[in-house]
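Close look at the chain arrangement
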Amino acid sequence: MSAEPSSPTRTAAELSRAWEELDTREILRRAHSRFGPRLAVGSAFGKDGVVLLHLLRTQGYDFPVLFLDTGYHFPETLAYRDELARELSLSVVNLSPSESVDAQGARLGAELFARNPDLCCELRKVEPMRAALRGYSAWFTGLRRDQSPARAATPVVEWQELSSDGAGVFKVNPLARWSRGAVEEYLAGSGLPAHPLWGRGYPSVGCAPCTRAVAPGAPEREGRWAGTGKTECGIHGSAWPGRPSLGLPTPALAAD
Ligand code: SF4
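Residues numbered from 1 in each chain as written. Predicted model: local features only at pLDDT ≥ 70, side-chain atom pairs only at ≥ 80, totals over all residues. Heavy atoms only, no water.

1. Here's the deal with the sheet that holds strand E1 (residues 39–42)
Inclusion rule: What makes two strands pair is DSSP finding at least two bridges between them. Strands here mean DSSP runs of E at least two residues long; helices mean DSSP runs of H or I at least four residues long; both are numbered from the N terminus. Fitting a line to C-alpha atoms yields each axis, with helices limited to the stretch in contact; the angle taken between N-to-C directions then spans 0 to 180 degrees.
In spatial order, the strands read E3-E2-E1-E4-E6-E5; together these six strands make up an open sheet with mixed pairing. What marks the edges here is a single partner per strand, and that holds for strand E3 (91–95) and strand E5 (157–161). Adjacent strand axes in the sheet meet at a mean angle of 35°, parallel and antiparallel pairs treated alike. Pairing between E1 and strand E2 (residues 64–68): two bridges, direction parallel. Bridging across to E2, Gly42 finds its partner in Leu66.

Put into C-alpha coordinates, the structure is as follows:
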(Lines give C-alpha, C1' and ligand atoms only; values in the text may rest on other atoms or scores of the structure.)
Protein backbone atom coordinates (compact mmCIF):
# COMPACT_ATOMS: atom_id res chain seq x y z
CA MET A 1 0.00 0.00 0.00
CA SER A 2 1.46 3.37 -0.95
CA ALA A 3 2.15 5.92 1.76
CA GLU A 4 -0.19 8.88 2.10
CA PRO A 5 1.29 11.76 0.10
CA SER A 6 2.93 14.52 2.06
CA SER A 7 1.19 17.87 2.29
CA PRO A 8 1.84 21.01 4.31
CA THR A 9 -1.21 20.25 6.42
CA ARG A 10 0.10 16.78 7.20
CA THR A 11 3.59 18.11 7.92
CA ALA A 12 2.15 20.71 10.31
CA ALA A 13 0.12 18.06 12.14
CA GLU A 14 3.22 15.86 12.49
CA LEU A 15 5.30 18.76 13.81
CA SER A 16 2.54 19.75 16.17
CA ARG A 17 2.37 16.26 17.66
CA ALA A 18 6.14 16.05 17.97
CA TRP A 19 6.47 19.50 19.59
CA GLU A 20 3.38 19.37 21.84
CA GLU A 21 5.23 18.46 25.04
CA LEU A 22 8.39 20.44 24.40
CA ASP A 23 9.60 23.33 26.51
CA THR A 24 8.71 26.64 24.87
CA ARG A 25 12.35 27.56 24.28
CA GLU A 26 12.91 24.22 22.54
CA ILE A 27 9.94 24.93 20.25
CA LEU A 28 11.58 28.24 19.33
CA ARG A 29 14.86 26.47 18.67
CA ARG A 30 13.29 23.82 16.47
CA ALA A 31 11.24 26.36 14.54
CA HIS A 32 14.38 28.37 13.89
CA SER A 33 16.21 25.23 12.83
CA ARG A 34 13.44 24.21 10.45
CA PHE A 35 12.34 27.56 8.97
CA GLY A 36 15.51 29.60 9.41
CA PRO A 37 15.54 33.22 8.35
CA ARG A 38 12.15 33.04 6.63
CA LEU A 39 10.39 33.34 9.98
CA ALA A 40 8.48 36.33 11.31
CA VAL A 41 6.54 37.14 14.47
CA GLY A 42 3.05 38.60 14.43
CA SER A 43 2.45 40.87 17.39
CA ALA A 44 -0.02 43.50 18.57
CA PHE A 45 2.09 43.93 21.73
CA GLY A 46 -0.49 42.19 23.86
CA LYS A 47 0.59 40.29 26.95
CA ASP A 48 1.21 37.02 25.13
CA GLY A 49 3.04 38.73 22.32
CA VAL A 50 5.32 40.49 24.76
CA VAL A 51 6.13 37.20 26.49
CA LEU A 52 6.94 35.67 23.13
CA LEU A 53 9.10 38.62 22.05
CA HIS A 54 11.02 38.54 25.33
CA LEU A 55 11.59 34.78 25.02
CA LEU A 56 12.83 35.20 21.46
CA ARG A 57 15.17 38.09 22.23
CA THR A 58 16.61 36.45 25.34
CA GLN A 59 17.36 33.39 23.20
CA GLY A 60 19.16 35.61 20.70
CA TYR A 61 16.61 35.54 17.87
CA ASP A 62 15.85 38.66 15.84
CA PHE A 63 12.93 37.94 13.56
CA PRO A 64 10.88 40.72 11.93
CA VAL A 65 7.94 41.70 14.15
CA LEU A 66 4.85 42.22 12.00
CA PHE A 67 2.58 44.87 13.54
CA LEU A 68 -0.78 45.71 11.96
CA ASP A 69 -0.92 49.49 11.96
CA THR A 70 -4.68 49.68 11.40
CA GLY A 71 -5.05 53.42 11.94
CA TYR A 72 -7.38 52.72 14.86
CA HIS A 73 -4.95 51.88 17.66
CA PHE A 74 -5.02 53.59 21.03
CA PRO A 75 -2.14 56.09 21.20
CA GLU A 76 -0.96 54.13 24.23
CA THR A 77 -0.50 51.04 22.06
CA LEU A 78 1.65 52.86 19.53
CA ALA A 79 3.75 54.38 22.29
CA TYR A 80 4.09 50.95 23.94
CA ARG A 81 5.13 49.36 20.64
CA ASP A 82 7.88 51.96 20.31
CA GLU A 83 8.94 51.55 23.94
CA LEU A 84 9.19 47.75 23.62
CA ALA A 85 11.03 48.10 20.31
CA ARG A 86 13.67 50.18 22.05
CA GLU A 87 13.76 48.00 25.16
CA LEU A 88 14.17 44.72 23.26
CA SER A 89 15.88 46.08 20.11
CA LEU A 90 13.09 44.74 17.94
CA SER A 91 12.88 44.91 14.17
CA VAL A 92 9.27 46.10 13.90
CA VAL A 93 7.59 46.06 10.48
CA ASN A 94 4.47 48.24 10.44
CA LEU A 95 1.89 46.81 8.06
CA SER A 96 -0.52 49.39 6.69
CA PRO A 97 -3.84 48.79 4.95
CA SER A 98 -4.07 49.77 1.28
CA GLU A 99 -6.29 52.71 2.21
CA SER A 100 -6.09 55.26 5.01
CA VAL A 101 -9.00 55.50 7.45
CA ASP A 102 -10.19 58.63 5.61
CA ALA A 103 -9.97 57.02 2.17
CA GLN A 104 -11.81 53.94 3.39
CA GLY A 105 -14.48 56.20 4.90
CA ALA A 106 -14.87 58.11 1.65
CA ARG A 107 -15.32 54.89 -0.30
CA LEU A 108 -17.35 52.75 2.12
CA GLY A 109 -18.73 55.26 4.59
CA ALA A 110 -17.45 56.33 7.98
CA GLU A 111 -17.14 53.96 10.90
CA LEU A 112 -17.26 50.73 8.92
CA PHE A 113 -16.23 48.99 12.14
CA ALA A 114 -19.69 49.74 13.56
CA ARG A 115 -21.61 48.47 10.52
CA ASN A 116 -19.48 45.62 9.23
CA PRO A 117 -16.55 44.83 11.54
CA ASP A 118 -15.72 41.69 9.56
CA LEU A 119 -15.14 43.73 6.44
CA CYS A 120 -13.25 46.41 8.36
CA CYS A 121 -10.95 43.74 9.84
CA GLU A 122 -10.57 42.14 6.42
CA LEU A 123 -9.38 45.40 4.90
CA ARG A 124 -7.29 46.71 7.77
CA LYS A 125 -5.87 43.50 9.25
CA VAL A 126 -6.37 40.35 7.20
CA GLU A 127 -5.33 41.65 3.78
CA PRO A 128 -2.13 43.39 4.97
CA MET A 129 -1.12 40.40 7.11
CA ARG A 130 -1.72 37.88 4.31
CA ALA A 131 0.27 40.02 1.89
CA ALA A 132 3.17 40.25 4.33
CA LEU A 133 3.12 36.55 5.19
CA ARG A 134 3.64 35.63 1.54
CA GLY A 135 7.24 36.66 2.11
CA TYR A 136 7.83 34.08 4.85
CA SER A 137 7.81 30.32 5.38
CA ALA A 138 6.47 30.51 8.90
CA TRP A 139 5.35 32.91 11.59
CA PHE A 140 5.08 32.85 15.35
CA THR A 141 1.96 33.94 17.18
CA GLY A 142 1.13 34.34 20.86
CA LEU A 143 -2.12 32.33 20.64
CA ARG A 144 -3.06 30.39 23.77
CA ARG A 145 -5.71 27.71 24.20
CA ASP A 146 -7.18 29.19 27.35
CA GLN A 147 -7.73 32.65 25.86
CA SER A 148 -11.20 31.78 24.56
CA PRO A 149 -13.33 28.84 23.42
CA ALA A 150 -12.47 29.72 19.82
CA ARG A 151 -8.79 29.14 20.59
CA ALA A 152 -9.18 26.01 22.71
CA ALA A 153 -7.94 23.68 19.95
CA THR A 154 -4.93 25.78 18.93
CA PRO A 155 -2.17 23.39 17.79
CA VAL A 156 1.50 24.11 18.33
CA VAL A 157 2.01 24.10 14.55
CA GLU A 158 -0.58 24.52 11.81
CA TRP A 159 -0.68 25.18 8.10
CA GLN A 160 -2.40 28.39 7.14
CA GLU A 161 -3.60 28.86 3.58
CA LEU A 162 -3.16 32.39 2.32
CA SER A 163 -4.89 32.15 -1.03
CA SER A 164 -6.89 29.83 -3.22
CA ASP A 165 -3.81 28.90 -5.27
CA GLY A 166 -2.48 26.83 -2.36
CA ALA A 167 0.05 29.36 -1.12
CA GLY A 168 0.42 29.29 2.61
CA VAL A 169 2.60 29.57 5.63
CA PHE A 170 3.33 27.49 8.72
CA LYS A 171 2.01 29.08 11.89
CA VAL A 172 3.84 28.24 15.10
CA ASN A 173 2.06 28.89 18.40
CA PRO A 174 4.74 28.30 21.06
CA LEU A 175 2.52 29.54 23.90
CA ALA A 176 -0.45 27.31 23.02
CA ARG A 177 -0.24 25.43 26.33
CA TRP A 178 0.44 28.50 28.50
CA SER A 179 -2.19 29.64 31.00
CA ARG A 180 -3.24 33.22 31.66
CA GLY A 181 -1.59 32.97 35.09
CA ALA A 182 1.69 31.77 33.58
CA VAL A 183 1.73 34.76 31.24
CA GLU A 184 1.12 37.18 34.10
CA GLU A 185 3.83 35.51 36.18
CA TYR A 186 6.33 35.65 33.33
CA LEU A 187 5.62 39.33 32.68
CA ALA A 188 5.94 40.20 36.36
CA GLY A 189 9.38 38.59 36.43
CA SER A 190 10.57 39.97 33.11
CA GLY A 191 11.25 43.53 34.25
CA LEU A 192 9.54 44.80 31.09
CA PRO A 193 7.21 47.80 31.15
CA ALA A 194 3.47 47.12 30.98
CA HIS A 195 1.01 48.50 28.45
CA PRO A 196 -0.63 51.40 30.33
CA LEU A 197 -4.13 50.12 29.54
CA TRP A 198 -3.59 46.66 31.06
CA GLY A 199 -3.97 48.15 34.51
CA ARG A 200 -7.06 50.15 33.52
CA GLY A 201 -9.39 47.25 32.72
CA TYR A 202 -8.06 46.25 29.29
CA PRO A 203 -6.41 42.82 29.61
CA SER A 204 -6.59 42.50 25.81
CA VAL A 205 -6.12 45.64 23.72
CA GLY A 206 -7.16 45.87 20.09
CA CYS A 207 -8.35 48.76 17.96
CA ALA A 208 -9.85 51.55 20.08
CA PRO A 209 -13.37 51.51 18.56
CA CYS A 210 -13.67 47.74 19.13
CA THR A 211 -12.13 47.40 22.60
CA ARG A 212 -13.85 48.05 25.92
CA ALA A 213 -12.68 47.86 29.50
CA VAL A 214 -13.89 44.79 31.42
CA ALA A 215 -14.43 43.98 35.08
CA PRO A 216 -11.52 42.55 37.08
CA GLY A 217 -11.24 38.80 36.48
CA ALA A 218 -13.47 38.83 33.36
CA PRO A 219 -12.49 36.59 30.44
CA GLU A 220 -9.48 38.30 28.94
CA ARG A 221 -10.99 38.81 25.48
CA GLU A 222 -14.46 39.86 26.71
CA GLY A 223 -13.80 43.48 25.83
CA ARG A 224 -13.03 42.77 22.18
CA TRP A 225 -15.95 43.47 19.78
CA ALA A 226 -18.17 43.29 22.87
CA GLY A 227 -21.84 42.73 22.13
CA THR A 228 -21.31 41.87 18.45
CA GLY A 229 -20.74 38.11 18.60
CA LYS A 230 -17.43 38.61 16.78
CA THR A 231 -14.47 37.02 18.54
CA GLU A 232 -11.62 37.04 16.00
CA CYS A 233 -10.34 39.50 13.43
CA GLY A 234 -9.61 36.80 10.88
CA ILE A 235 -5.82 36.85 10.57
CA HIS A 236 -5.57 33.40 12.15
CA GLY A 237 -7.93 31.68 9.76
CA SER A 238 -7.31 29.93 6.48
CA ALA A 239 -10.08 31.67 4.56
CA TRP A 240 -9.13 34.29 2.02
CA PRO A 241 -11.10 37.14 0.46
CA GLY A 242 -13.64 35.81 -2.00
CA ARG A 243 -13.74 32.34 -0.49
CA PRO A 244 -17.43 31.45 -0.08
CA SER A 245 -17.01 30.25 3.50
CA LEU A 246 -15.78 33.68 4.52
CA GLY A 247 -19.24 35.04 3.77
CA LEU A 248 -18.00 38.57 3.24
CA PRO A 249 -19.31 41.05 0.72
CA THR A 250 -16.70 42.42 -1.61
CA PRO A 251 -15.77 46.05 -0.97
CA ALA A 252 -17.67 47.03 -4.13
CA LEU A 253 -20.85 45.36 -2.89
CA ALA A 254 -20.45 46.82 0.56
CA ALA A 255 -20.36 50.30 -0.94
CA ASP A 256 -23.89 49.95 -2.32
S1 SF4 B 1 -10.73 45.72 15.21
FE2 SF4 B 1 -12.39 47.17 14.69
S3 SF4 B 1 -11.40 49.05 13.92
FE4 SF4 B 1 -9.85 47.39 13.97
S5 SF4 B 1 -9.84 46.61 11.90
FE6 SF4 B 1 -11.28 45.32 13.09
S7 SF4 B 1 -13.34 46.28 12.89
FE8 SF4 B 1 -11.78 47.75 12.15
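Alright, that's what it looks like, and here's the rest.
2. Points about unusual backbone geometry
Peptide bonds are mostly trans, and most non-glycine residues show a negative phi. A positive phi angle, near 50°, is found at Ser89, a position not held by glycine. Among the secondary structure elements, Ser89 is positioned in the loop between helix H4 (75–88) and E3. A positive phi angle is found at Glu111, which is not glycine, with a value near 55°. As for its placement among the helices and strands, Glu111 is situated in the loop between helix H5 (101–108) and helix H6 (112–115).

3. Brief notes about the nonpolar core
Keep this limit in mind: Among the buried residues, those of types Ala, Val, Leu, Ile, Met, Phe, Trp, Tyr and Cys that are joined through side-chain atoms within 4.5 Å form a nonpolar core. Remark: exposure states derive from per-residue accessible area (1.4 Å probe, protein chains only) relative to the maximum for the residue type, with buried under 20%, exposed over 50%, and partly exposed in between. By definition, residues are in contact when any of their heavy atoms lie within 4.5 Å.
Of all hydrophobic cores here, the largest spans 44 residues; its most connected members are Trp19 and Phe140. Of the residues forming this core, the biggest block, six residues, is contributed by helix H3 (residues 47–58). When near neighbours in sequence (up to four residues on either side) are disregarded, Phe140 contacts Leu28, Ala31, Leu39, Ala40, Val41, Gly42, Leu52, Leu56, Phe63, Val172 and Pro174.

4. Let's talk about the packing of aromatic side chains
What counts here: Note on aromatic contacts: the rings of Phe and Tyr and the six-membered ring of Trp form a pair at centre separations within 6.5 Å, being stacked when their planes are under 30 degrees apart, edge-to-face when over 60 apart, and tilted otherwise.
Tallying each qualifying case throughout the model produces nine aromatic pairs. Ring geometry for Phe63 versus Phe140: centroids 5.8 Å apart, planes at 55°, classification tilted. Here Phe63, found in the loop between H3 and E2, pairs with Phe140, found in strand E4 (residues 138–140); they are 77 residues apart in sequence, far enough to count as distant. Aromatic pair Tyr72 and Phe113: ring centres 5.2 Å apart, planes at 85°, arrangement edge-to-face. In this pair, Tyr72 is assigned in the loop between E2 and H4 and Phe113 in helix H6, connecting sequence segments 41 residues apart. We note that Tyr72, like Phe113, is buried.

5. Points about H4
Note the threshold: Here the expected length of a helix is defined as 1.5 Å per residue gap, with one fewer gap than residues. Arc definition: it is the arc formed by the directions from the helix axis to the C-beta atoms.
For H4, with 14 residues, the first-to-last C-alpha span of 20 Å sits near the 20 Å given by 1.5 Å per residue. Taken as a whole, H4 has its buried residues at Thr77, Tyr80, Arg81, Leu84, Ala85 and Leu88. When H4 is viewed along its axis, its buried side chains cluster within an angular range of 135° and face the same direction. Seen from the buried face of H4, the exposed residues on the opposite side, beyond 90 degrees, are Pro75 and Arg86. Of the surrounding elements, those touching the buried residues of H4 are H3, E2 and E3.

6. A look at the side chain of Ser148
Relative to the helices and strands, Ser148 resides in the loop between E4 and E5. Dropping the residues within four chain positions of it, Ser148 is found in contact with Arg221 and Glu232.

7. Some points on the site of the ligand
Inclusion rule: When at least one non-hydrogen atom of a residue lies within 4 Å of a molecule or strand, that residue is treated as near it. Under the grouping applied here, Gly and all other residues not named as nonpolar or charged are polar, the nonpolar ones being Ala, Val, Leu, Ile, Met, Phe, Trp, Tyr, Cys and Pro and the charged ones Asp, Glu, Lys and Arg.
For the ligand, the full set of nearby residues is Tyr72, Phe113, Pro117, Cys120, Cys121, Arg124, Lys125, Cys207, Cys210 and Trp225. Top contributing element to the shell around the ligand by residue count: helix H7 (residues 117–133), with five residues. Partitioned by chemical class, the residues of the shell around the ligand number eight nonpolar, no polar and two charged.

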